[in-house]
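Observations on the model geometry
Given next are the chains, with one letter for each unit.
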Amino acid sequence: MAAGGLLFSSFSRWRGASVARHPTVLAAPRRSYSQDDSSQYLRRSLVPTMHYQKSLPRLPIPKLEDTIRRYLNAQKPVLDDDQFRKTEQLAVSFRDGIGKELHEQLVAQDKKNKHTSYISGPWFDMYLQARESVVLNFNPFMAFNPDPKPEYNDQLIRATNMTVSALRFLKTLRAGFLEPEVFHLNPSKSDTQAFKRFIRFVPSSLSWFGAYMVNAYPLDMSQYFRLFNSTRLPKLNKDVLFTDESERHLLVLRNGNFYTFDVIDRDGNIVTPSEIHAHLKYILSDNSPVPAFPLACLTTENRDTWALLRQELLDNGNKEALEKVDSAVFCLCLDDFPIKDLIHLSHTMLHGDGINRWYDKSFNLILAKGGTAAIHFEHSWGDGVAVLRFQNEVFKDSTQSPAIAPQSQPAAVDSSTAVRKLNFKLNSALKEGIAKAKEKFDATVKTLTLEALQFEKGGKELLKKQELSPDAIAQLAFQMAFLRQYGQTVATYESCSTAAFKHGRTETIRPASIYTKKCSEALVQKATNHSAAELQQMIAECSKYHSQLTKEAAMGQGFDRHLYGLRCLAESRGAPLPGFYKDQAYALINHNILSTSTLSSPAVNMGGFAPVVPDGFGVAYRVHDNWIGCNVSAYPAKNVQEFLQCVHKSLEDIFTVLEGQLVSK
């Protein structure tokens, strides 16, 4: 399972061993807050950050019969009749036999671990045991919108402002002042000062129920502490997550060179923005060339290869320098070139040149020469919910309350002593390892194609007037496009957050259904055989069913995570896997040729990820009020440009039908 499925999500749609120092800081008593130090924080929430965490409901384990029924429903459109009969027999046999036993064991195990969810451990393991490079296979990106004030899009100004806003977020989070993450179904009742004044006095053990009474759903925030001072460390067979909240320095990469300086002082206050401004200006003025052997390339490697080379680094006298990298608050990447267009933006932020990113960091904040900014994040520690909240807050704060202005002067400080350039001692084995990593990385990224589409003939507004789900219509267009291009219906993945539950991660929506298949075939192959009213009815059926799948997934009632949990249990027994898991159809439905993810955010311009299989598409998309945007990736096995042409044609056909007209060939 790779990056694609887990990137973009809201509550309704959203991939362990660990090492941490002070990981429970969020539960610490809240420090006092006064106007004097308001520049240190975003704002103070009436309700403490972790107020709801204790009373969050637990992620349910679906009934096994429901899981098997949903699994077979998802298999039906991608199998022929003979294949389906065989798969159905295996599924029923599993349900009534070994599957029942495994399910009972999973339920019993879950009852003994009420502090977490049944999927949390297996999901961490899935990520951390994966040996592929994190680049392209797991890490996605989300690009910021430009600052509305053009003069603030200067690289140095924006880097300073975003760094200060990120630090304000960190301090607000750790002090317990950050507004809890809540999904409001009726914000006029729940997202009010009056309700917040009431709920803060309800004990944490009951607070979730108080929110539920007004149709508000608090979301799990257990991942948030990993945003800062955190890195994924390569180890043989299974990586570990490392967090050290005692450290106060920022890591800056420029031209493959590593710099650090303190951004939080010994009293726990953010260093003055003018000093941060001065230090970043100093780094941008450094003429050091790209190192002959750029160390960051090692983070693009196979995890076992990187683990061995990291041990070589430690043995060669680089322990202190590596600790500085691993424990830094976050990684700021300053690129020396402007972004030319959307395609260049995607390539730069998704993978770059392998030299100026530390891909293992919980996130890299990337600033190009013209001030274009993005977040590139490592996926094992958490999902899109935490990163998107961080991105929204940083965008809002840096644009509405910028720490410095274009005319601001940097502080008169000696940056040459405050900024430390990290030097790494490299022997011949390390140099050879870096050279090989760079060669392999360059060869891989050359095979990746990225293309973007903007469909401007309709969007959310028109679809909602017709009482259709905008997400369902986008997904229908992808099904139609693939059928038009390749003549078949294939396994499709859409991620969905289960953050409404304690330690929830994600669930899968399966957009390919008997309804989308029937509708796609009608619109693509037999449009003239149907009236506009018949086609409209088919589209409505797709929307209704997709909305049902989305709701089920968000409520922990999908089938993918349950079957995965049962499989992990079966594997842990050491006995042969049940025949159900050896079925070719099970392998095929988990070979997600269409991996899709969406988001909605005022801060984000676009996002992207690579395909999760060599012969697949990675489809990041967004339905705006009056237009629909897609950012699609593929390797040579698939043609992105043709796919996007087919998506455009499919959307045109759908909107034509919705306007009561017949589709032209």
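Only a predicted model underlies this, so the values are computations on that prediction, with no experimental measurement involved.

Rules used in this analysis
All residue numbers refer to position in the chain's written sequence, counted from 1. Owing to the predicted nature of the model, reporting of local features is limited to residues with pLDDT of at least 70; listing and counting of side-chain atom pairs is limited to 80 or more, with chain, interface and lining totals taken over all residues. Water and hydrogen atoms were dropped before computing side-chain values, which therefore reflect all heavy atoms in the structure. Each helix is a run of H or I in the DSSP string that is no shorter than four residues. Each strand is a run of E no shorter than two, and both are numbered from the N terminus. Each reported salt bridge corresponds to a side-chain nitrogen of Lys or Arg within 4 Å of a carboxyl oxygen of Asp or Glu. Any residue under 20% of the maximum accessible area for its type is buried, any over 50% is exposed, and the rest in between are partly exposed; the area is computed with a 1.4 Å probe on protein chains only. Being paired, for any two strands, means DSSP has found at least two bridges between them. Convention adopted: a line fitted to C-alpha atoms gives each axis, helices being fitted over their contacting stretch, and angles between N-to-C directions are expressed from 0 to 180 degrees. Residues are treated as being in contact if the distance between any of their heavy atoms lies within 4.5 Å. For this analysis, a nonpolar core means a set of buried residues of the types Ala, Val, Leu, Ile, Met, Phe, Trp, Tyr and Cys, connected via side-chain atoms within 4.5 Å. Per-residue confidence from the predictor is reported as pLDDT, which spans 0 to 100. One less than the residue count of a helix, multiplied by 1.5 Å, gives the span that helix is expected to have. By the criterion applied in these results, polar contacts are pairs of N or O atoms within 3.5 Å in which, for protein atoms, one can donate a hydrogen and the other can accept it, and in which residues neighboring in sequence qualify only through two side-chain atoms. Oblique is the label for any angle not under 35 degrees, not over 145, and not in the 65 to 115 range, which are roughly parallel, roughly antiparallel and roughly perpendicular in turn. Polar here means any residue outside two lists: the nonpolar Ala, Val, Leu, Ile, Met, Phe, Trp, Tyr, Cys and Pro, and the charged Asp, Glu, Lys and Arg; Gly therefore counts as polar.

Some words on unusual backbone geometry
- If you check the backbone angles, N237 has positive phi at about 75° while not being a glycine.
- Positionally, N237 belongs in the loop between β5 (230–233) and β6 (240–244).
- Phi angles above zero are rare outside glycine, and N255 is one such case at about 55°.
- Among the secondary structure elements, N255 is positioned in the loop between β7 (249–254) and β8 (257–262).

So, the pattern of salt bridges
- Counted under the stated rule, the structure contains 36 salt bridges.
- Two residues, E320 and R420, come together in a salt bridge whose shortest N-O distance is 3.3 Å. You can see E320 sitting in helix α11 (residues 319–327) and its partner R420 sitting in strand β12 (residues 420–422), a full 100 residues away along the chain.
- The shortest N-O distance in the salt bridge between K457 and E652 comes to 2.5 Å. Here the residue K457 occupies a position in the loop between β13 (449–455) and α16 (460–465), and E652 occupies one in helix α23 (residues 640–658), the gap between them amounting to 195 residues.
- Look at E652 and you get partly exposed, because its relative accessible area is 24%.
- Salt bridges sharing partners connect three or more residues here, namely R131, R232, D239, R303, D304, D360 and E378.

Topic: the environment of P180
- If you trace the backbone, P180 turns up in the loop between α5 (155–175) and β3 (182–184).
- Exposure remark for P180: the relative accessible area of 7% places this residue in the buried category.
- With 369 residues separating them along the chain, P180 and L549 place their C-alpha atoms 27 Å apart.

What about the sheet that holds strand β18 (residues 617–623)?
- The six strands are arranged β13-β19-β18-β16-β14-β15 in an open sheet whose pairing can be described as mixed. Of all the strands in the sheet, just β13 and β15 (506–509) have a single pairing partner and so form its edges. Neighbour-to-neighbour, the strand axes of the sheet open up by a mean angle of 25°, direction not taken into account.
- Relative to strand β19 (residues 628–634), β13 runs antiparallel, the two sharing seven bridges. Following the sheet pairing, L453 is matched in β19 by C630.
- The strands touched by α23 within the sheet are β13, β16 (594–598), β18 and β19, with β13 carrying the most contacts at an inclination of about 20°.

Considering the nonpolar core
- Membership of the largest hydrophobic core comes to 88 residues, with the highest contact counts inside it found for F228, L332 and L563.
- Ranked by residue count, the leading element in this core is α5, at nine residues.
- Once you skip the residues sitting within four places of it in the chain, L563 turns out to touch T67, I68, Y71, F94, F580, Y581 and Y586.

So, the sheet that holds strand β10 (residues 363–367)
- An order of β12-β8-β7-β9-β10-β11-β2-β17 is seen for the eight strands of this open sheet, with the pairing classed as mixed. If you trace the sheet from one side to the other, it starts and ends with β12 and β17 (604–608), each paired once. Put simply, the sheet's adjacent strands are angled 25° from each other on average, direction ignored.
- Pairing of strand β2 (residues 141–144) with β17 involves four bridges; the strand directions are antiparallel. Residue pairing across strands places F144 opposite V604, the latter belonging to β17.
- Contacts from helix α9 (residues 273–284) reach β7, β8 and β9 (331–334) within the one sheet, and its direction differs from that of β8 by about 165°.
- Contacting β2, β10, β11 (373–377) and β17, helix α12 (residues 342–350) runs over the sheet at an angle of about 65° to β17.

Focus on the confidence of the model for the protein chain
- Residue-level pLDDT values for the protein chain average 93, and 94% of them are 70 or greater.
- Low pLDDT, under 50, characterises residues 1–36; the predicted model gives this stretch 158 contacts beyond four residues in sequence or across chains.

Here's the deal with α23
- Between its first and last C-alpha, α23 extends 27 Å over 19 residues, near the 27 Å set by a 1.5 Å rise per residue.
- The residue sitting at the N-terminus of α23 and contributing the capping side-chain oxygen is N639; that oxygen lies 3.2 Å from the backbone nitrogen of Q641.
- Immediately beyond the C-terminal end of α23, within one or two residues, lies G660, with a positive phi of roughly 85°.

Focus: the pairing of β16
- Among the five residues of β16, five are classified as buried, and the element is accordingly described as predominantly covered.
- Of the two faces of β16, the one holding L594, T596 and T598 and the one holding S595 and S597 are both buried throughout.
- Pairing of strand β14 (residues 492–497) with β16 involves three bridges; the strand directions are parallel. By the bridge assignment for β16, E494 is matched with T596.

Re the packing of helix α10 (residues 303–315) against α11
- The N-to-C vectors of α10 and α11 enclose an angle of 125°; their axes lie 7 Å apart at closest approach. As summarised for this structure, α10 and α11 are arranged oblique, according to the angle between their axes. Of the residues in α11, those in contact with R310, L313 and L314 of α10 are K319, L322 and D326.
- Looking at side-chain class alone, the contact of α10 with α11 contains three nonpolar, no polar and three charged residues.

Considerations on the packing of helix α4 (residues 120–129) against helix α20 (residues 560–572)
- At a minimum axis separation of 10 Å, α4 and α20 run at an interaxial angle of 80°. On the basis of the axis angle, α4 is roughly perpendicular to α20. Where α4 abuts α20, its residues P122, W123 and M126 lie against R561, Y564 and C568.
- Residues belonging to the contact of α4 with α20 are distributed by class as follows: five nonpolar, no polar and one charged.

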